[in-house]
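One-letter residues, chain by chain:
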Amino acid sequence: MALSRLASSSSRSADLLKPLCSAISLRRPISTDTTPITVETSVPFTSHQCDTPSRSVQTNAKELFTFFRDLALMRRMEIAADSLYKAKLIRGFCHLYDGQEAVAVGMEAAITKKDCIITAYRDHCTFVARGGTLLEVFSELMGRQAGCSRGKGGSMHFYKKDSNFYGGHGIVGAQVPLGCGLAFAQKYSKDEAVTFALYGDGAANQGQLFEALNIS
Amino acid sequence: MERDLRVCVMGEDVGHYGGSYKVTKGLAKKFGDLRVLDTPIAENSFTGMGIGAAMTGLRPVVEGMNMGFLLLAFNQISNNCGMLHYTSGGQFTIPIVIRGPGGVGRQLGAEHSQRLESYFQSIPGIQMVACSTPYNAKGLMKAAIRSENPVILFEHVLLYNLKERIPDEDYICNLEEAEMVRPGEHVTILTYSRMRYHVMQAAKTLVNKGYDPEVIDIRSLKPFDLYTIGNSVKKTHRVLIVEECMRTGGIGASLIAAITENFNDYLDAPIMCLSSQDVPTPYAGTLEEVTVVQPAQIVTAVEQLCQ
């Protein structure tokens, strides 16, 4: 009885969505438009011993719409995680990425899944950008088996090996030498890919970071 | 800090924030930014800095925000803190106190639930103590600061909220003495830090079942108080060790060796040791609970030991 009600309500909401989409597509066909748009970025780059990249970026409406969808999804995911944390359904640590989603989405748009990403403990959105599902995120945050680390890692230990996402690290700065290692392996195997090792201003105090830079 | 101007504190967020667990609350306001120093996130460096300062005669108290972070300072603690007194032929003493919260908390994840006492115990030249009550925390801290030796004081993440009426005046607890928590006749239960509370909870059940356990909080992890422990073994002839360290290479393992070496003739049964599982602490609450010793297991162990 309840299940049939759920099924009918979901079809009703699908019905609700359909006319809206079609209305938009009739009035303004933006979601599938692939005509190139040139965007000039607002803040100029500063560079150190290299040329600044060009400020004009080629994109199209469809791509921008996927960016927006991803950004909005990540934002809502983080806000939901915040509420769950305050309700004590997520315990321990929960470092949120809301406000920085554009970094993950923008980076992902420029690279492939063959390139490696490694980051610190603020990893929820980076994981999603690398192809993680919301189910895996929330299951992991709540310590369930369906989580990306089978509930054993928690907020700070999200990994996705098949799309070269190497985590998810709790100790400040410890991920940078690991990132150096990922790059070393890529050079060793002549992979033609790159590694992105992300860190924050706290990790900028760590000696191991500068050691890793030196080795790189 | 009032008594001795050479005592200073350094660590992450110890100053303006008052400490991540509020241990140094109000101190920066009272003693200033230099005596209560906020350090960057660079454990290897600021621990080394503390040791260097101690070599000249200052008495720093270095805080690791979590004991696990001190792994980054292991080289400094082992080679400099532990060994300099020896390698300099006694010229330098290192009157430093290295302290911080460790142990398994509530779903903090593997990296933030470590028990560093197992790793540090082999370092020659350092002394290790673990506090478990507000009373012995104050006493051991004062004793550690006044000691000329480098002391590592292990606090526990889950014990900061304990409340107890303690004397306002100056007192110290002997750094090398164990604490008799509950005298008894049937079995000696040796424990420390948070497991003391699990043991006392199990003791209530045991008393109802007719057993009379003697509970000793060993407090001194290095060196062991073999005098108190020995007297207890001679009385009860049965030993159960309950610890939060992992099975392999923990404090329990060393304690078993020490007791067997010295008091083997007084034992009626092999020593039993309950430790945490040899796994990284899982995040999931149900799994985390299983990796740590629970009161029910302690009761079963005593029953088994006293058969």
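Residues numbered from 1 in each chain as written. Chains lettered and ligands numbered in written order. Predicted model: local features only at pLDDT ≥ 70, side-chain atom pairs only at ≥ 80, totals over all residues. Heavy atoms only, no water.

Examining the overall build of chain B
- What chain B contains, in helices and strands, is eleven helices and twelve strands.
- Over its C-alpha trace chain B gives a radius of gyration of 19 Å, about what one expects of a compact globule, namely 19 Å for 307 residues.
- For chain B, the spread of C-alpha atoms along the three principal axes comes to 60 × 45 × 40 Å.
- Relative to its full complement of 307 residues, chain B shows a buried share of 55%.
- Once local pairs closer than 6 in sequence are excluded, the contacts in chain B between residues at least 24 apart make up 81%. (Helix = DSSP H or I, 4+ residues; strand = E, 2+ residues; numbered from the N terminus. Rg over C-alpha atoms; globule rule 2.2 N^0.38 Å. Buried < 20%, exposed > 50% of the residue type's maximum accessible area, 1.4 Å probe, protein only. Contact = heavy atoms within 4.5 Å.)

Concerning the UniProt feature "domain: Transketolase-like pyrimidine-binding" (unreviewed entry) in chain B
- The residues that UniProt annotates with the feature "domain: Transketolase-like pyrimidine-binding" (unreviewed entry) are residues 1–162 of chain B.
- Annotated as residues 1–162 of chain B, this span is 30% helix and 18% strand, and its ends, taken at the C-alpha atoms, are 23 Å apart. (UniProt positions renumbered as here; feature names shortened; annotations may be inferred.)

A short note on the domain arrangement of chain B
All names here are of chain B.
- On domain assignment, one finds that chain B holds domain 1 (7–156) and domain 2 (179–306).
- Taken together, the contact pairs 29 residues of domain 1 with 27 residues of domain 2.
- Between domain 1 and domain 2, roughly 2,200 Å² of surface is buried when both sides are summed, and carbon and sulfur atoms account for 49% of that area.
- The largest share of the area that domain 1 buries against domain 2 comes from Gln 107, Arg 115 and Gln 121, three residues that together contribute 28% of it. (Domains from an automatic or database assignment. Buried area = accessible area lost by both parts, 1.4 Å probe.)

Re the sheet that holds strand β6 (residues 151–156) of chain B
Residue and element names in this part refer to chain B.
- Read from one edge of the open sheet, seven strands run β2-β1-β3-β4-β6-β5-β10, paired in mixed fashion. Strands at the two margins of the open sheet, each flanked by one partner only, are β2 (36–38) and β10 (220–222). Within the sheet, the average angular offset between the axes of one strand and its neighbour, ignoring direction, is 20°. (Pairing = 2+ DSSP bridges. Axes fitted to C-alpha atoms, helices over the stretch in contact; angles between N-to-C directions.)

Remarks on the packing of helix α2 (residues 61–86) of chain A against helix α3 (residues 101–110) of chain A
Residue and element names in this part refer to chain A.
- Where α2 contacts α3, the two axes come as close as 9 Å, and the packing angle between them is 140°. One finds that α2 runs oblique with respect to α3. At the point where α2 passes α3, the crossing takes the right-handed sense. Between α2 and α3, the residues in contact are Phe 67, Asp 70, Leu 71, Met 74 and Arg 75 and Glu 101, Ala 102, Ala 104, Val 105 and Ala 109, respectively.
- Partitioning the contact of α2 with α3 into residue classes produces seven nonpolar, no polar and three charged. (Parallel < 35°, antiparallel > 145°, perpendicular 65-115°, else oblique. Left-handed = near helix turned anticlockwise from the far one by under 90°. Nonpolar A, V, L, I, M, F, W, Y, C, P; charged D, E, K, R; others polar.)

Quick notes on the interface of chain B and chain A
- Facing the 17 residues of chain B at the interface are 22 residues of chain A.
- Sorting the residues of chain B by area buried against chain A places B:Ile41, B:Glu111 and B:Tyr283 first, and these three jointly supply 43% of that buried surface.
- Counting every contact that joins chain B to chain A gives zero salt bridges.
- Our count for the contact surface shared by chain B and chain A stands at eight residue pairs in polar contact (both at pLDDT 80 or more).
- Split into classes, the residues belonging to the side of chain B that touches chain A amount to ten nonpolar, four polar and three charged. (Salt bridge = Lys/Arg side-chain N within 4 Å of Asp/Glu carboxyl O. Polar contact = N/O pair within 3.5 Å; in protein donor to acceptor, adjacent residues only side chain to side chain.)

Describing the pattern of salt bridges
- Here the structure, examined in full by the defined rule, presents 19 salt bridges over all chains.
- For A:Glu108, the salt bridge goes to A:Arg130, with nearest N and O atoms at 2.9 Å. Taken together, the residues A:Glu108 in helix α3 and A:Arg130 in the loop between α4 (124–129) and α5 (134–141) connect sequence positions 22 residues apart. For the residue pair A:Glu108 and A:Arg130, the accessibility class agrees, reading buried in each case.
- B:Lys209 serves as the salt-bridge partner of B:Glu303, at 2.9 Å between the closest nitrogen and oxygen. Here B:Glu303 is found in helix α11 (residues 295–305), whereas its partner B:Lys209 is found in the loop between α7 (195–208) and β9 (213–217), with 94 residues between them in sequence.
- Given a relative accessible area of 25%, B:Glu303 falls into the partly exposed group.
- Through salt bridges that share partners, B:Glu179, B:Arg196, B:Asp217 and B:Arg219 make up one connected network.

A few points about the environment of A:Ser54
Residues and elements named next belong to chain A.
- Within the secondary structure, Ser 54 is located in the loop between β1 (36–40) and β2 (56–60).
- The spacing of Ser 54 and Thr 41 is 13 residues in sequence and 9.1 Å in space, taken between C-alpha atoms.
- From its side chain, Ser 54 meets the backbone nitrogen of Ser 56 in a polar contact 3.1 Å long.

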